[in-house]
Amino acid sequence: DLAIRLAQTLPDRVVARKLMDIPYLACAAPGYLDGRPPLQSPRDFAAHNCLYFAYGGFGDTWVFDSPSGRESVQVAGNFTVNSSDVIRDALLAGLGIGVLPSFAVEAELRDGRLRQILPEWRPQGAFGAAAYAVWLPDRHLPPKLRVFVDFLLQRWAETSGV
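Residues numbered from 1 in each chain as written. Predicted model: local features only at pLDDT ≥ 70, side-chain atom pairs only at ≥ 80, totals over all residues. Heavy atoms only, no water.

Quick look at the side chain of arginine 88 now. By secondary structure assignment, the location of arginine 88 is in helix α2 (residues 84-92). In this structure the side chain of arginine 88 is engaged in a polar contact, spanning 3.3 Å, whose partner is the side chain of aspartate 85. (Helix = DSSP H or I, 4+ residues; strand = E, 2+ residues; numbered from the N terminus. Polar contact = N/O pair within 3.5 Å; in protein donor to acceptor, adjacent residues only side chain to side chain.)

Here you go:
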């Protein structure tokens, strides 16, 4: 009856209600960062092993915004996959730097196993996803599902952020 979809854009054939934006964060394990020059801006990622998504437009060009402007950087790395969980595990193993949705690394950032890099620079472009409740237009959304969507909106509003 209802699906939760993480996407930048949705197909025309669905009805959707935006639940929340999904912030993406650049992060790495402290062990990876130790002994390497500090990162001052996104262009410094080019000198690091960057772990990234091999699909969905993410690829090897990362775009970041800050109050001072926008920077785009071509990154390279020895690890490309299509899973946030696998990239997170590789980051925890100290293999490089990655950009992941905040919900995928929230606990690891909180307990110090990962560090956010350049928090003033927000990943943009392909990283700008949101969570949506979606359903087909030819289906009537029962009241219990409307209540569920409202619950999700309230719950995620209370827990959003890192």
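This next bit is on the sheet that holds strand β10 (residues 122-123). An order of β6-β5-β10 is seen for the 3 strands of this open sheet, with the pairing classed as antiparallel. Lying at the two open borders of the sheet, with one neighbouring strand each, are β6 (69-74) and β10. Taken together, the 6 bridges between strand β5 (residues 61-66) and β6 define a ladder with antiparallel strand orientation. Along β6, the bridge assignment pairs tryptophan 62 with valine 73. (Pairing = 2+ DSSP bridges.)

Taken as a whole and judged by the stated rule, the model has 9 salt bridges. Residue arginine 70 pairs with aspartate 65 through a salt bridge whose shortest N-O separation is 2.6 Å. Residue classification places aspartate 65 among the partly exposed residues on the basis of a relative accessible area of 22%. Between aspartate 85 and arginine 88 there is a salt bridge whose closest N-O contact spans 3.3 Å. Of this pair, aspartate 85 and arginine 88 both sit in helix α2, 3 residues apart, which is roughly one turn of the helix. A residue is classified by how much of its surface remains accessible, and aspartate 85, at 42% relative accessible area, is partly exposed. Arginine 88 sits in the buried class, given a relative accessible area of 17%. One network of salt bridges, with partners in common, ties together Asp85, Arg88, Asp89, Glu108, Asp111 and Arg113. (Salt bridge = Lys/Arg side-chain N within 4 Å of Asp/Glu carboxyl O. Buried < 20%, exposed > 50% of the residue type's maximum accessible area, 1.4 Å probe, protein only.)

This part is about the confidence of the model for the protein. Summary statistics for the protein give a mean pLDDT of 88 and a share of 93% for residues scoring 70 or more. Within the protein, the element-level pLDDT minimum falls on helix α4 (residues 143-159), averaging 86, and the maximum on strand β9 (residues 115-116), averaging 97. (pLDDT = per-residue confidence, 0-100.)

Attention shifts here to the nonpolar core. One finds Leu39, Phe45, Trp62, Phe64, Val75, Ile97 and Ile117 to be the most contacted residues of the largest nonpolar core, which totals 28 residues. Residue assignment for this core shows that the elements contributing at least two residues are β2 (15-22), β3 (24-28), α1 (30-33), β4 (50-53), β5, β8 (97-101), β11 (129-135) and α4. Here this core gets 4 residues from one element, more than from any other, and that element is β11. Residues Leu25, Cys27, Leu91 and Leu109 belong to the second largest nonpolar core, which totals 13 residues. (Core = buried A, V, L, I, M, F, W, Y, C linked by side-chain atoms within 4.5 Å.)

Aromatic ring pairs are reported here in terms of the distance separating the ring centres and the angle at which the planes meet. This model, assessed by the stated rule, comprises 3 aromatic pairs. For the ring pair phenylalanine 45 and tryptophan 62, a centre distance of 5.7 Å and an interplane angle of 70° mean the geometry is edge-to-face. You can see phenylalanine 45 sitting in the loop between α1 and β4 and its partner tryptophan 62 sitting in strand β5, a full 17 residues away along the chain. Grouping residues by exposure puts phenylalanine 45 and tryptophan 62 together as buried. Overall, the relative accessible area of 0% leaves tryptophan 62 in the buried class. (Phe/Tyr/Trp six-rings, centres within 6.5 Å; stacked < 30°, edge-to-face > 60°.)

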